[in-house]
Structure formats: structure tokens, C-alpha cells
Amino acid sequence: QVQLVESGGGLVQPGGSLRLSCAASGFTLDYHDIGWFRQAPGKEREGVSCISTNDGSTYYSDSVKGRFTISRDNAKNMVYLQMNSLKPEDTAVYYCAARPHGSHCLRKIKEYHWWGQGTQVTVSS
């Protein structure tokens, strides 16, 4: 059973930080690209960050670059998203997803076949 489970979401004030975790089971992360996506009410799901399985290259959307950091620990089958300097615009349900290694990991959402249940992140004072 392939499963991805996110955790670490919650309520945080603007400028605060959260660290999201994604635990994978039923497969190993070694041969998969991992992406973090988010969906706000009334909006389409968008790519936030992804990390390549080959060389560990990371990619970020323009809106989060410089504030968010993605990382992975293949030995533990864990993926993390460190979110700093959070803004109200970051409020959304955040999803961890996996796909076989490919190109343009933030643009090809249809290639992600394994998804977590999502974790709510709310940035508000």
C-alpha cells in the first residue's frame, strides 16, 4: 500500500515558521521526485517546491523562493518543507506527492500519482 502522510500544519502568525513532514510507506523515495503542492479555497492546486531524486536539485515557485526549503532523508523515507517568513497568502492545504523521476517537477502535476491527505496551514494574526 503506497501511502504518504503529511504532518506539521497548524496556525501560525505572519512572519512565523512551520516545518511540514511527509512520511512515505509502501515505496522508497530513492527513485521518485517529491513535490509539495498547496491548494487555497477557490484556487487550483499549485506547485510549491520539489526535489529531484538524482542529484537532489531543488526547485521553488517564485512566491516561496527564499522563504521555503525542501529536503529529504531517503534512509528514513521522509520529506520536509521548512517554511519561514510565512505570509497570509501561504494559507492553504499542503500536500506531499511523489512521481517517477522526470523533468519540470513543478509543472507536471498530472505525473504525480501518489498523494498525501494534506495538512492545513493557516497564517493569520
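First, a word on what this report is: a plain description of the structure on this page. Just so we're clear, the structure is a prediction, and the values are computed from it rather than from any experiment.

Bringing the sheet that holds strand 3 (residues 18-25) into the picture now. Pairing within the open sheet is antiparallel, and its four strands lie in the order 1-3-8-7. One side of each edge strand has no neighbouring strand; the edge strands of this open sheet are strand 1 (3-7) and strand 7 (68-73). Geometrically, the sheet is characterised by an average inter-axis angle of 15° between neighbouring strands, direction not taken into account. Pairing of strand 1 with strand 3, which is carried by five bridges, proceeds in the antiparallel orientation. Paired with Glu6 across the two strands is Cys22, which belongs to strand 3.

Our focus in this paragraph is unusual backbone geometry. You will see that Asn77, though not glycine, has its phi angle at about 55°, which is positive. With respect to the secondary-structure elements, Asn77 resides in the loop between strand 7 and strand 8 (78-83). Phi at His104 is positive, roughly 50°, even though this residue is not glycine.

This part covers the pattern of salt bridges. Enumeration over the complete set of coordinates arrives at five salt bridges. We note a salt bridge from Arg99 to Asp33, for which the minimum N-O separation is 3.2 Å. With Arg99 in strand 9 (residues 92-100) and Asp33 in strand 4 (residues 32-39), this residue pair connects regions lying 66 residues apart in the sequence. Classification of Arg99 by relative accessible area gives buried; the value is 0%. In this structure, Arg99 engages Glu111 in a salt bridge whose closest nitrogen and oxygen atoms are separated by 2.6 Å. One end of the pair, Arg99, is in strand 9; the other, Glu111, is in the loop between strand 9 and strand 10 (114-115), with 12 residues separating them in the sequence. It is possible to trace a salt-bridge network through shared partners that takes in Arg38, Glu46, Arg67 and Asp90.

What counts, and at which threshold
- Residues numbered from 1 in each chain as written.
- Predicted model: local features only at pLDDT ≥ 70, side-chain atom pairs only at ≥ 80, totals over all residues.
- Heavy atoms only, no water.
- Pairing = 2+ DSSP bridges.
- Helix = DSSP H or I, 4+ residues; strand = E, 2+ residues; numbered from the N terminus.
- Axes fitted to C-alpha atoms, helices over the stretch in contact; angles between N-to-C directions.
- Salt bridge = Lys/Arg side-chain N within 4 Å of Asp/Glu carboxyl O.
- Buried < 20%, exposed > 50% of the residue type's maximum accessible area, 1.4 Å probe, protein only.

Everything listed here is a matter of coordinates, which is why it stays silent on function.
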